[in-house]
Amino acid sequence: MRNDTHTLTSHDYVSDEIYALERERIFHRGWFLACRADRLGRGNRTVVDVVGESVLITRDLDGALHAFANVCRHRGARLCDARSDSGQGSLMCPYHAWTYALDGRLIATPHLDDDDIDKSTLPLWPYSLAEWEGFVFVSVAKEPPPFDAWMREHCADLLRLERFGFGGLQVAATTECEIATNWKIVVENYQECLHCTRVHPELVDLVPAYRSGWVYDHDRSDGGVSLSRGNSFASVPVHLPLLPGVEGIDASSYFGGTIFPNAFIDVTGTSVILSTLFPKGPGHTTMTMEFLFAPATIAAPGFDPTPIVEFNELVSAQDNMVCERVQLGVGSKAFDHGVLSPKDDLVVAFVRHYLAARGE
Ligand code: FES
Ligand SMILES: [Fe+2]
């Protein structure tokens with residue numbers, strides 16, 4: 001077996017300097033998956049931490065989505081608190097009550113006369129926003145790369161799975177966890193299954209192909225693997241209708257894909273799980289998991305996503321535990337780099353993609 005293919009170095013996983021470089025060259029230069037669009041009803045807002053830059057996302061009363069710096073134009077106070085998803089159709093700064101419409105216009109400045117300041121010149125600072133099939137991407141770059149070309153370069157997996165009709169799905173459950181590890185270790189762990197037999201006994205029961213150590217099935221050309229329990233992605237059989245338009249082998253398969261740099265997606269014939277990483281430092285990552293289903297499935301009497309949520313939380317907790325061990329190990333003085341084997345081919349691809357995006 002060749003062992004001349006190296007992992008990233010200790011420095012890449014633990015240093016503040018590399019983290020700052022990633023923030024500037026990757027997270028703040030391209031597009032960043034922020035949330036699902038259906039999280040925001042008309043008049044609502046949410047706050048997303050784009051690697052240290054707080055971004056406010058709103059849906060105005062006409063239904064249009066907007067992204068802004070989460071900063072008041074008066075004296076620079078943070079406008080909205082993190083993760084507050086509701087709203088009254090306007091945004092009032094907690095400091096001196098300057099108030100903004102959801103499209104960013106400054107509409108009220110208490111105690112000031114109309115000729116004290118010109119409100120029309122002080123809207124919230126806008127950031128770029130793009131929506132694709134219900135996924136909301138934001139960019140805090142002054143000049144973001146063209147979105148479609150960026151998608152082709154960084155989200156090939158997602159584009160290949162477009163037939164699952166993500167735009168028509170809705171989030172029925174959301175979970176969040178804190179992981180004491182570098183975001184790249186979470187992505188790399190997602191890209192290989194050499195750990196699956198050891199770490200995920202329940203998962204390999206559901207996806208027997210994973211016993212081979214590969215993340216895909218070489219007898220198939222579509223990147224999918226077969227589920228042992230028909231279309232159920234849970235430890236107990238869950239009888240859900242297929243997603244609209246899903247047919248043939250897609251109905252009983254599982255597909256995984258990454259959304260560079262900060263997300264991955266698990267797709268089955270009946271449900272989709274979106275895992276989004278929010279790096280908080282070289283050794284700390286917050287991850288949200290959103291569980292998507294067809295609206296008719298969610299509305300049907302007796303719908304209960306609990307078995308699917310619980311199963312995926314179990315697998316995720318198993319992954320987080322080993323990712324945290326890796327963070328502890330790569331911080332050792334002895335660790336210069338690890339080695340990658342042929343079955344780590346997707347990890348190798350990620351490392352190359354990451355280094356290219358970082359500009360090396
Ligand atoms: S800083 Fe926001 S109203 Fe003064
Ligand atoms: Fe895993």
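Numbering of residues begins from 1 in every chain and follows the order in which that chain's sequence is written. As a convention, the first chain written is A and the first ligand written is 1, with the rest following in written order. Only residues with pLDDT of at least 70 are given local features in this predicted model, and only at 80 or more are side-chain atom pairs given and counted; all residues enter the totals for whole chains, interfaces and linings.

Some remarks on the nonpolar core
- Put simply, a nonpolar core is buried Ala, Val, Leu, Ile, Met, Phe, Trp, Tyr and Cys residues tied into one set by C-beta atoms within 7 Å. Counting other C-beta atoms within 10 Å of its own, a residue is labelled buried from 20 upward, exposed at 12 or fewer, and partly exposed in the gap between, with every C-beta atom placed from the backbone. With 87 residues, the main nonpolar core has A34, V55, I57, V138, V186 and V272 as its most contacted residues.
- What marks off one domain from the next here is an automatic or database domain assignment. When we break this core down by domain, the ones giving at least three residues each are domain 1 (1–27 + 155–360) and domain 2 (31–144).
- Contacts here follow a simple rule: the backbone-placed C-beta atoms of the two residues must lie within 7 Å. With residues up to four places along the chain from it excluded, the contact list for V138 reads F32, A34, V48, V50, V55, I57, A67, Y127, S128 and L129.

Let's talk about the domain arrangement of the protein chain
- Domain parsing of the protein chain yields domain 1 (1–27 + 155–360) and domain 2 (31–144).
- One C-alpha centre belongs to domain 1, the other to domain 2; they are set 30 Å apart.
- Between domain 1 and domain 2, the contact holds 16 residues from the first and 12 residues from the second.
- Think of it this way: any DSSP run of H or I at least four residues long counts as a helix, any run of E at least two long counts as a strand, and we number them from the N terminus. At 4 residues, the largest contribution of residues to the side of domain 1 that touches domain 2 is made by strand β15 (residues 272–281).

Considerations on the pairing of strand β2 (residues 32–36)
- With 5 of its 5 residues buried, β2 lies for the most part within the structure.
- Strand direction decides the pairing type here: β2 and strand β10 (residues 135–139), joined by 4 bridges, are antiparallel. Along β10, the bridge assignment pairs F32 with V138. At least two DSSP bridges between two strands are needed for those strands to be called paired.

A look at the sheet that holds β15
- In space, the 6 strands of this open sheet follow the order β11-β16-β15-β14-β13-β12, with antiparallel pairing throughout. Two strands close off the open sheet at either side, each with one partner strand: β11 (170–179) and β12 (225–226).
- Where β12 lies against strand β13 (residues 253–259), 2 bridges are found, and the strand directions are antiparallel. Pairing of S226 across the sheet is with S253, part of β13.

Things to note about the environment of T270
- Secondary-structure assignment places T270 in the loop between β14 (263–268) and β15.
- Distance from T270 to L242, taken between C-alpha atoms, is 4.6 Å for residues 28 residues apart in sequence.
- Excluding residues within four positions of it along the chain, T270 makes contact with N231, L240, P241, L242 and L243.

Notes on the sheet that holds strand β4 (residues 53–59)
- With antiparallel pairing, the 6 strands of this open sheet are ordered in space as β2-β10-β9-β5-β4-β3. The sheet terminates laterally at β2 and β3 (45–50), the two strands that pair on one side only. Sheet twist, expressed as the mean angle between neighbouring strand axes with direction ignored, is 30°. Interaxial angles span 0 to 180 degrees and are taken between N-to-C directions of axes, which are lines fitted to C-alpha atoms, for helices over the stretch in contact.

Here we look at helix α10 (residues 345–358)
- Each helix should span, by expectation, one fewer than its residue count multiplied by 1.5 Å. Its 14 residues give α10 an end-to-end C-alpha distance of 20 Å, which sits within 8% of 20 Å, the value for a rise of 1.5 Å per residue.
- Taken together, the buried positions of α10 are L346, V347, F350 and V351. All buried residues of α10 project into a common sector of 140° when viewed along the axis, lining one side. Away from its buried face, by an angle of more than 90 degrees, α10 presents the exposed residues A349, R352, L355 and A356.
- Where α10 is buried, its residues meet β1 (5–9), α5 (183–190) and β17 (337–340).
- A positive backbone phi angle near 95° is found at G359, which sits one or two residues after α10. Here the arc refers to the set of directions running from the helix axis out to each C-beta atom.

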